[in-house]
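Topology and contacts: notes
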Amino acid sequence: MTRWRYAAATDTGLVRQNNQDAVYVDDHLAIVADGMGGHAAGDVAAMMTISSVREEFAMHPSVDGLFRAIEAANRDVLDDATQNPEHFGMGTTVIAIGLTEDAAGVATPTLVHVGDSRAYQLRDGALRRLSDDHSVAEEWVRMGRLTPEEAAVHPRRHQLTRGVGVEATIAVDVSSLEAIPGDRILLCSDGLSNELSDDTLAQLASAPRPLDEAVGDLISAAKLAGGRDNISAVLLEFLDVDVAATPIKRTISSAPAPVAARSSSSSFSRPRRRVTWRVWAVAAIFVGVAVGFVAIVHWYAYSTYYLANDAGTVAIYQGQPSGVLWYLMSQLTAPDARTISSNPSEPSITTALSVVSSMHHRWLQQRAVATTTTTTVTTTTVAGG
Ligand code: MG
């Protein structure tokens, strides 16, 4: 049987206007979430994550259930940010320890973690870090590009590579805790770990004092050191502890949602884009310009009449003598030119133009090379003299 004592506290610090951290602890579950995002959205993400994790883990108190709880929090934060534009861009770290039951019903402590909030184990006054920061600088340390000392002052040490509410899928570090009675575990946000050295953390968190006083001392020391961020700490002390029969230590990633399921799932899908008045306005302007252009060309083409000698007959033509919408006979295919020579009749000017346009199109297809002049014969009107 695993049992722990606990204490927790969170503080706005001395610089920030509001507290975007959130903490929770009971007999089975301990959580620290460090929210981020503009306005008040960070604290929404942090509170929502704690609420989702609590709810899901209460129903499924297993290793898989704990991972699913983080997944559920990720979905909830993403959905909320989608539905509330003022929450756009919010997210949070999360680090939690749950007493997870195996198939035999034995409850052992399991750590889950996303982001740069941390877990430390304290035994005999010594401190051991249990979590890797998911930050650019720390990833580079693991890749050998930076030393830990360089990472500690690197400008990208606060830039997270993973977070809750950032993407539809999430990768969670999951590990079994190997603890013995008397061990303490400290979960904290970076507002604590950035302000205090490992030695100070070890000394204050291990102090043989009641847990709530130790937590109070940690918060006070972080504020004394500058308090530049929100500060949160949860301190656990194991009274009894079972160790997992098959310990786990790995990163578990959620599977990407299938496209079809995603489009029909309310949890992942973004709302369908609505056609707004702006879209209608742009469409109306586009159609207006097109209709206006056609009207101007049509007006210019048919606005005048001119006289001409048509094989010995005085003819009155409607249109521009220089041509605007005229095709040359040479721009027709041979069969179409023969058709024109037979003076086919059409019921209206519209159908006549359509026929000529089709003929010209066929000529273009046949020749594959466009000629530069495009003028249409509009020999519609007539009159003999
Ligand atoms: Mg922080």
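Before going into details, it helps to say that this report is about the structure given with it. The model shown is predicted, which means the values in this text are computed figures rather than measured ones.

1. A word on the sheet that holds strand β10 (residues 184–188)
Taking strand neighbours across the sheet as the criterion, the five strands line up as β1-β11-β10-β7-β8 in an open arrangement whose pairing is antiparallel. Here the strands that pair on one side only, and so sit at the sheet edges, are β1 (3–11) and β8 (126–129). Neighbour-to-neighbour, the strand axes of the sheet open up by a mean angle of 20°, direction not taken into account. Relative to strand β7 (residues 118–123), helix α6 (residues 198–206) is tilted by about 60°, and along the sheet it contacts β7, β8, β10 and β11 (231–240). Across the face of the sheet, helix α7 (residues 211–224) comes into contact with β1, β10 and β11 while running at roughly 155° to β11.

2. Thoughts on the pairing of β10
Within β10, five of the five residues are buried, leaving the element largely enclosed by the surrounding structure. Of the two faces of β10, both are covered, the one formed by Arg184, Leu186 and Cys188 as well as the one formed by Ile185 and Leu187. In this structure, β7 lies alongside β10, joined through five bridges in antiparallel fashion. When the bridges of β10 are listed, Arg118 appears paired with Cys188.

3. Section: the pairing of strand β3 (residues 29–36)
By the criterion of burial, β3 is predominantly enclosed, with seven of the eight residues buried. Linking strand β2 (residues 21–25) back to β3 in an antiparallel pair, the connection comprises three residues. Of the strand pairs in this sheet, β3 and strand β5 (residues 94–101) are connected by four bridges, and their pairing is antiparallel. If you follow Leu29 over to β5, its bridge partner there is Gly98.

4. Description of the environment of Ala73
Note that Ala73 resides in helix α2 (residues 63–83). Distance in space between the C-alpha atoms of Ala73 and Val94 is 9.6 Å, their sequence separation being 21 residues. Here Ala73 is in contact with Thr49, Ser52, Val53 and Val164, once residues within four sequence places are set aside.

5. So, α7
In this model α7 runs 20 Å from its N-terminal to its C-terminal C-alpha over 14 residues, within 8% of the 20 Å that 1.5 Å per residue would give. Within the sequence span of α7, burial applies to Leu211, Ala214, Val215, Leu218, Ile219, Ala221 and Ala222. The buried residues of α7 occupy one face: seen down the axis, they fall within an arc of 160°. Exposed residues on α7 whose side chains face more than 90 degrees from its buried face are Asp212 and Leu224.

6. Let's talk about the nonpolar core
Counting 30 residues, the largest nonpolar core has Ile31, Ile70, Val164 and Val172 as its most contacted members. Among the elements of the structure, β2, β3, α1 (41–59), α2, β5, β6 (107–114) and β9 (171–176) are those that each provide at least two residues to this core. Grouped together as the second largest cluster of nonpolar side chains are 21 residues, Leu196, Leu211, Ala222 and Leu235 included.

7. What to know about the coordination of the magnesium ion
The protein atoms donating to the magnesium ion are Asp34 (OD), Asp190 (OD) and Asp229 (OD), with metal-donor distances spanning 2.1 to 2.3 Å. If you list the donors of the magnesium ion from N- to C-terminus, the spacing comes out as D-x155-D-x38-D. On the criterion of sequence distance, the pair formed by Asp34 in strand β3 and Asp229 in the loop between α7 and β11 is long-range, its members being 195 residues apart. Residue classification places Asp229 among the buried residues on the basis of a relative accessible area of 13%.

8. Topic: α6
Those residues of α6 not exposed but buried are Leu201, Ala202, Leu204 and Ala205. If you follow the buried residues of α6, they end up packed against β7, β8, β10, α5 (190–193), α7 and β11.

9. A few points about the packing of α1 against α2
Viewed as axis vectors pointing N to C, α1 and α2 meet at an angle of 140°, and their least axial separation amounts to 8 Å. Of the possible angle classes, the one that applies to α1 and α2 is oblique. For the element pair α1 and α2, the recorded crossing hand is right-handed. Residue-level contacts link Val44, Ala45, Met48, Thr49, Ser52, Val53, Glu56 and Phe57 of α1 to Gly65, Leu66, Ala69, Ile70, Ala72, Ala73, Asp76, Val77 and Asp80 of α2. By residue class, the composition of the contact of α1 with α2 is eleven nonpolar, three polar and three charged.

10. Structural notes on the pattern of salt bridges
Within the structure shown, the criterion is met by 19 salt bridges. Arg184 serves as the salt-bridge partner of Glu237, at 2.7 Å between the closest nitrogen and oxygen. Taken together, the residues span a long stretch of sequence, with Glu237 in strand β11 and Arg184 in strand β10 at a distance of 53 residues. What makes Glu237 buried here is its relative accessible area of 12%. Arg228 is paired through a salt bridge with Glu195; the nearest N and O atoms lie 2.5 Å apart. With Arg228 in the loop between α7 and β11 and Glu195 in the loop between α5 and α6, the pair connects residues that are 33 residues apart, well separated along the chain. Through salt bridges with shared partners, one network takes in Arg118, Arg129, Asp132, Asp133, Glu138, Glu139 and Arg142.

11. Quick word on the packing of aromatic side chains
Within the structure shown, the criterion is met by one aromatic pair. Sitting above the plane of the Trp140 ring, Arg145 keeps its charged end 4.3 Å from the centroid.

Conventions and cut-offs
Residues numbered from 1 in each chain as written. Predicted model: local features only at pLDDT ≥ 70, side-chain atom pairs only at ≥ 80, totals over all residues. Heavy atoms only, no water. Pairing = 2+ DSSP bridges. Helix = DSSP H or I, 4+ residues; strand = E, 2+ residues; numbered from the N terminus. Axes fitted to C-alpha atoms, helices over the stretch in contact; angles between N-to-C directions. Contact = heavy atoms within 4.5 Å. Buried < 20%, exposed > 50% of the residue type's maximum accessible area, 1.4 Å probe, protein only. Expected span 1.5 Å × (residues − 1). Arc of directions from axis to C-beta. Core = buried A, V, L, I, M, F, W, Y, C linked by side-chain atoms within 4.5 Å. Donors = N, O, S within 2.8 Å, 3.2 Å for Na, K, Ca; no water. Parallel < 35°, antiparallel > 145°, perpendicular 65-115°, else oblique. Left-handed = near helix turned anticlockwise from the far one by under 90°. Nonpolar A, V, L, I, M, F, W, Y, C, P; charged D, E, K, R; others polar. Salt bridge = Lys/Arg side-chain N within 4 Å of Asp/Glu carboxyl O. Phe/Tyr/Trp six-rings, centres within 6.5 Å; stacked < 30°, edge-to-face > 60°. Lys NZ or Arg CZ within 6 Å of the ring centre and 35° of its normal.

Any functional reading would require information that these geometric values do not contain.
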